[in-house]
Amino acid sequence: EAGVVQSPRYKIIEKKQPVAFWCNPISGHNTLYWYRQNLGQGPELLIRYENEEAVDDSQLPKDRFSAERLKGVDSTLKIQPAELGDSAVYLCASSVQYNEQFFGPGTRLTVL
Amino acid sequence: SQQGEEDPQALSIQEGENATMNCSYKTSINNLQWYRQNSGRGLVHLILIRSNEREKHSGRLRVTLDTSKKSSSLLITASRAADTASYFCAGNSGNTPLVFGKGTRLSVIA
């Protein structure tokens, strides 16, 4: 069984540029999560989807961050414009309802 | 949401020794989950213990849960260099999201 797929694995951009991350969850997993993880910290939830619906986006900085999961499968997380403080690892995870989560390898973003 | 707080922040042991990590949380949970994260990788689910369970085993892992103290412990027996990683706990209360603490960074020295 394929795991959670994320791309790209690494991204380096200059501040004020846009950036997008893509996630393909495990087949059949209706719940999808985007996390941000800073160095030395645990993952911080940005947004959680149940199928196509965003059910928890309270931690998503909505002035610059957006996410979508149009067909209830793949998801995209976008930052526009990026700031220096956005440098982090962005993790995608999926689960069946609220059971154990399966994480992708993450995208390491560096904003210069 | 249920934040797990891991203790200690860092732990260094010799290969073959046992490693014990602790987790505390604040309110009622349905289950508590432990995850491992190797450097530069995503988190990997290790074990889930339900609120009506007190102890659970999986291979070299032993997890305990004390709901009266709102705490859990993860024991790794006969540690190996490959166990070097960060370990996170998080409590689940139904449809609320997991909230991870800073984790315990375990170093197993060969």
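Residues numbered from 1 in each chain as written. Chains lettered and ligands numbered in written order. Predicted model: local features only at pLDDT ≥ 70, side-chain atom pairs only at ≥ 80, totals over all residues. Heavy atoms only, no water.

Let us look at the pairing of strand S8 (residues 75-79) of chain A. All names here are of chain A. When you tally the buried positions in S8, you get four out of five residues, the bulk of the element. Bridging between strand S3 (residues 19-24) and S8 involves five bridges; their strand directions are antiparallel. In the sheet register, alanine 20 faces S8, and the bridge partner there is lysine 78. Of the pairings in the sheet, the one linking strand S7 (residues 65-68) to S8 comprises four bridges and is antiparallel in character. For alanine 67, the partnering residue across the bridge sits in S8 and is leucine 77. Counted between consecutive antiparallel strands, the loop separating S7 from S8 contains six residues, among which glycine 72 sits at a positive phi close to 75 degrees. (Buried < 20%, exposed > 50% of the residue type's maximum accessible area, 1.4 Å probe, protein only. Helix = DSSP H or I, 4+ residues; strand = E, 2+ residues; numbered from the N terminus. Pairing = 2+ DSSP bridges.)

This paragraph deals with the interface of chain B and chain A. Buried accessible area, meaning the area lost when the parts come together, often serves as the stated size of an interface. If you look at the interface, chain B gives 19 residues, while chain A gives 19 residues. Taking both partners together, chain B and chain A bury about 1400 Å²; carbon and sulfur atoms supply 53% of that area. Broken down residue by residue, the surface that chain B buries against chain A is led by Leu43, Pro97 and Phe100 of chain B, which jointly contribute 29%. At the boundary of chain B and chain A, one finds three residue pairs in polar contact (both at pLDDT 80 or more). Taken together, the elements giving at least two residues each to the side of chain B that touches chain A come down to strand S5 (31-37), strand S6 (43-50) and strand S10 (85-92) of chain B. Considered class by class, the residues forming the side of chain B that touches chain A number seven nonpolar, ten polar and two charged. (Contact = heavy atoms within 4.5 Å. Buried area = accessible area lost by both parts, 1.4 Å probe. Polar contact = N/O pair within 3.5 Å; in protein donor to acceptor, adjacent residues only side chain to side chain. Nonpolar A, V, L, I, M, F, W, Y, C, P; charged D, E, K, R; others polar.)

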